[in-house]
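# Architecture at a glance
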Amino acid sequence: MKATWEKIEKNLGVLEVEVEVERVTAALDKAFNKVVKKANVPGFRKGKVPRAIFESRFGVESLYQDAIDILLPEAYGEAIDETDIFPVDRPEVDVEQFAKGQPFIFKAKVTVKPEVKLGQYKGLEVPVQKAEVTDEELTAELTRLQERHAELVVIEDEVAANGDITVIDFDGSVDGVPFEGGQAERHSLELGSNSFIPGFEEQVVGMGTGDAKDIEVTFPETYHAEHLAGKVAVFKVKLHEIKRKQLPALDDEFAKDVSEFDTLDEYKSDLKQQLEARKQDELKGVRENAVVDKAAANAEIEIPESMIESEVQNMVRDFDNRLRQQGMNMDMFLSFSGQTREDLQNQMKGDAEKRVRNNLVLEVIAKEEKIEVSEEEITQELATMAESFKRTPEEIRSILTANGSFGSLSEDISLRKTIEFLVTNSVEVDAVEDAAAESTEEVSAE
């Protein structure tokens, strides 16, 4: 097989491939063996028609498309390896020649991974903050823990307020006609959560147990269900129950209930240490993101739109999976938020482009600095994953291999090692001083 690659513009090129006659013949044989099982020829059972009679009756050309479908994917894959290119999108294939007794010739217009011209990536200045926990942050964490351990108490003699959880029936209609998804019984709704159509929850506030009322709202103009967008809806609502959080007192008993400590002071001291450790991890992540962003900003790269779109789809899938873990799905989220899938994708596009840019730059830096992943590091990563998922390393390896993602394990380790390299080779700058310097520069520029 012969394969040549010619770049025509930016990240686009043409791959020209010529496949030898012998492989064309083999592909036609496979195509015949597939097609003959369904061929109806008088005097012969299905699958028993001789090749010569089949070709005489239907023509050898009737095998061409099946033969191309058999031969093209493997020839394309081999041509990619031979020319050492990295496609990032589906190719546009043009078959120039396919016939019995002749070589198979095709051209494929291919978008490939872009070239990256690195700028400065060592010695980058990165603002660093100290992992100090303020009294306000400690108080906020204690309040959060109170919320987590609060009891839901049924309220009988008061009206619903923001923060309350109400149990309601609702029956929605537009112009007197019910619409799909507009009805529910004994639905739990936290007021102030903004999980319903804008204006709905505010009108539940002030209702008492047993109250019923009509609530009128207007669907957003950008609502995902076009037949409802901008329409006025009326919901008949009945409130069955009001539940309100009752926070536990912050005292020694609270400390005993939620921790291993006997006094609140001991618990607060330990909690402060936990918050400092957590903040240290967060600041580590901030520094890593900052140094990667700077290295990526210093590089020259033209990213194909197809790579950005592919990353957007990955982000949407990840978001959908997170929603399902929370008991929701994408359709429910879009319904409650009044967005369309296109709206969501547009919101993600900027982050998707940033992810693609950063990963491409990190990949090139890893090659430049000869950062490699050892078998020991892969084994350790498998052991860590196995402990997390309560499986054996061998099971994790089998699962990753079966779904085709084992190769990405090494890539993930390489990315982490490259980020560590950038951080190690960066220069720490006090975040306060850096902010003051930037402010001075802005004033001077004005």
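Since we're looking at a predicted model, the values are computed, not measured. (Residues numbered from 1 in each chain as written. Predicted model: local features only at pLDDT ≥ 70, side-chain atom pairs only at ≥ 80, totals over all residues. Heavy atoms only, no water.)

A few words now on the overall build of the chain. A tally of helices and strands in the chain yields 14 helices and 11 strands. Classification of the 446 residues of the chain by burial places 35% in the buried group. Summarising the internal contacts of the chain: among those between residues at least 6 apart in sequence, 67% fall at separations of at least 24. Taken as a whole, the chain presents about 27,100 Å² of accessible surface, with 47% of it coming from carbon and sulfur. The positive charge centre, built from 54 side chains, and the negative charge centre, built from 95, are 8 Å apart in the chain. (Helix = DSSP H or I, 4+ residues; strand = E, 2+ residues; numbered from the N terminus. Buried < 20%, exposed > 50% of the residue type's maximum accessible area, 1.4 Å probe, protein only. Contact = heavy atoms within 4.5 Å. Areas by Shrake-Rupley, 256 points an atom, 1.4 Å probe, with all protein chains shown as cover. Lys, Arg positive; Asp, Glu negative; His and termini not counted. Charge placed at Lys NZ, Arg CZ, Asp CG, Glu CD.)

This part covers the sheet that holds strand β2 (residues 12–19). An order of β1-β2-β4-β3 is seen for the four strands of this open sheet, with the pairing classed as antiparallel. Unpaired on one side and paired on the other, β1 (2–9) and β3 (92–97) mark the two borders of the sheet. Strand after strand, the sheet turns through a mean of 20° between neighbouring axes, direction not considered. Of the strand pairs in this sheet, β1 and β2 are connected by seven bridges, and their pairing is antiparallel. Bridge pairing in β2 places E9 opposite L12. Strands in contact with helix α3 (residues 64–83) are β1, β2, β3 and β4 (104–111); relative to β4, the strand with the most contacts, it is inclined by about 60°. (Pairing = 2+ DSSP bridges. Axes fitted to C-alpha atoms, helices over the stretch in contact; angles between N-to-C directions.)

Applying the stated criterion across every chain, the model contains 14 aromatic pairs. Between the aromatic rings of F170 and F235, the centroid separation amounts to 6.1 Å while the plane-to-plane angle is 65°, which identifies the pairing as edge-to-face. Here F170 is found in strand β7 (residues 165–174), whereas its partner F235 is found in strand β10 (residues 232–246), with 65 residues between them in sequence. Each member of the pair, F170 as well as F235, is classed as buried. On the basis of an interplanar angle of 50° and a centroid distance of 4.7 Å, the ring pair of F219 and Y223 is categorised as tilted. Considered together, F219 and Y223 belong to a single accessibility category, that of buried residues. An aromatic cluster is defined as three or more aromatic residues linked by ring pairs; in this entry it consists of F170, F179, F196, F200, F219, Y223 and F235. Directly above the ring of F86 sits K113, whose terminal nitrogen or CZ lies 3.8 Å from the centroid. (Phe/Tyr/Trp six-rings, centres within 6.5 Å; stacked < 30°, edge-to-face > 60°. Lys NZ or Arg CZ within 6 Å of the ring centre and 35° of its normal.)

Following the sequence through the fold, S426 ends up in the loop between α13 (406–424) and β11 (427–430). Side-chain polar atoms of S426 contact the side chain of R287, separated by 2.8 Å. Ignoring anything within four residues of it in the chain, the contact list for S426 reads G123, L124, V126, R287 and V291. (Polar contact = N/O pair within 3.5 Å; in protein donor to acceptor, adjacent residues only side chain to side chain.)

Helix length check: α3 (20 residues) gives 26 Å between terminal C-alpha atoms against 28 Å at 1.5 Å per residue, within 8%. Maximum bend of α3: about 30°, positioned at L71, with proline P73 one to four residues after it. Buried within α3 are the following residues: Y64, D66, A67, I68, L71, L72, A75, Y76, A79, I80 and T83. (Expected span 1.5 Å × (residues − 1). Bend = angle between axes of the 7 residues up to and from the residue.)

What follows covers the environment of N329. Locating N329 in the fold gives a position in the loop between α8 (305–325) and α9 (330–337). Taking the relative accessible area as the measure of exposure, N329 reaches 24% and is therefore partly exposed.

Here the focus is unusual backbone geometry. A positive phi angle is found at D84, which is not glycine, with a value near 60°. Residue position: D84 is located in the loop between α3 and β3. Assessed through its relative accessible area of 69%, D84 is described here as exposed.

What follows covers the nonpolar core. One finds V291, F319, M330, F333 and L422 to be the most contacted residues of the largest nonpolar core, which totals 36 residues. Residue assignment for this core shows that the elements contributing at least two residues are α7 (264–297), α8, α9, α10 (341–368) and α13. Broken down by element, the residue count for this core peaks at nine residues, all from α10. When near neighbours in sequence (up to four residues on either side) are disregarded, V291 contacts L124, V126, L422, V423 and S426. If you look at the next biggest cluster of nonpolar residues, it comprises 33 residues, including V36, A79, I85 and A99. (Core = buried A, V, L, I, M, F, W, Y, C linked by side-chain atoms within 4.5 Å.)

This part takes up the pattern of salt bridges. For the structure on display, the rule yields 31 salt bridges. When the shortest N-O distance is used, the salt bridge between R144 and E141 registers 2.6 Å. One end of the pair is R144 and the other is E141, both in helix α4 (residues 135–148) and three residues apart, which spans about a single turn. According to the relative accessible area criterion, E141 is buried, its value standing at 7%. Here E158 ties to R244 by a salt bridge, and the two come within 2.8 Å at their closest N and O atoms. With E158 in the loop between β6 (151–155) and β7 and R244 in strand β10, this pair connects stretches of sequence that are 86 residues apart. Take E158: its relative accessible area is 44%, and that puts it in the partly exposed class. Among the ionic contacts, a cluster of salt bridges with common partners joins D29, R51, E55 and K100. (Salt bridge = Lys/Arg side-chain N within 4 Å of Asp/Glu carboxyl O.)

Let's shift gears to the environment of Q339. Within the secondary structure layout, Q339 lies in the loop between α9 and α10. Setting aside residues up to four positions removed in sequence, Q339 forms contacts with T222, H224, F333, L334, L344 and Q347.

What follows covers the side chain of R23. Inspection of the secondary structure puts R23 in helix α1 (residues 21–35). Apart from residues no more than four positions distant in its own chain, R23 is found in contact with M1, L71, E74, A75 and E78.

To continue, consider the pairing of β4. Counting buried positions along β4 yields six of eight residues, so the element is predominantly enclosed. Alignment of β2 against β4, held across eight bridges, turns out to be antiparallel. Its bridge partner lying in β4, G13 is registered against V110. Where β3 lies against β4, five bridges are found, and the strand directions are antiparallel. Within β4, the residue paired with D94 across the bridge is K107.

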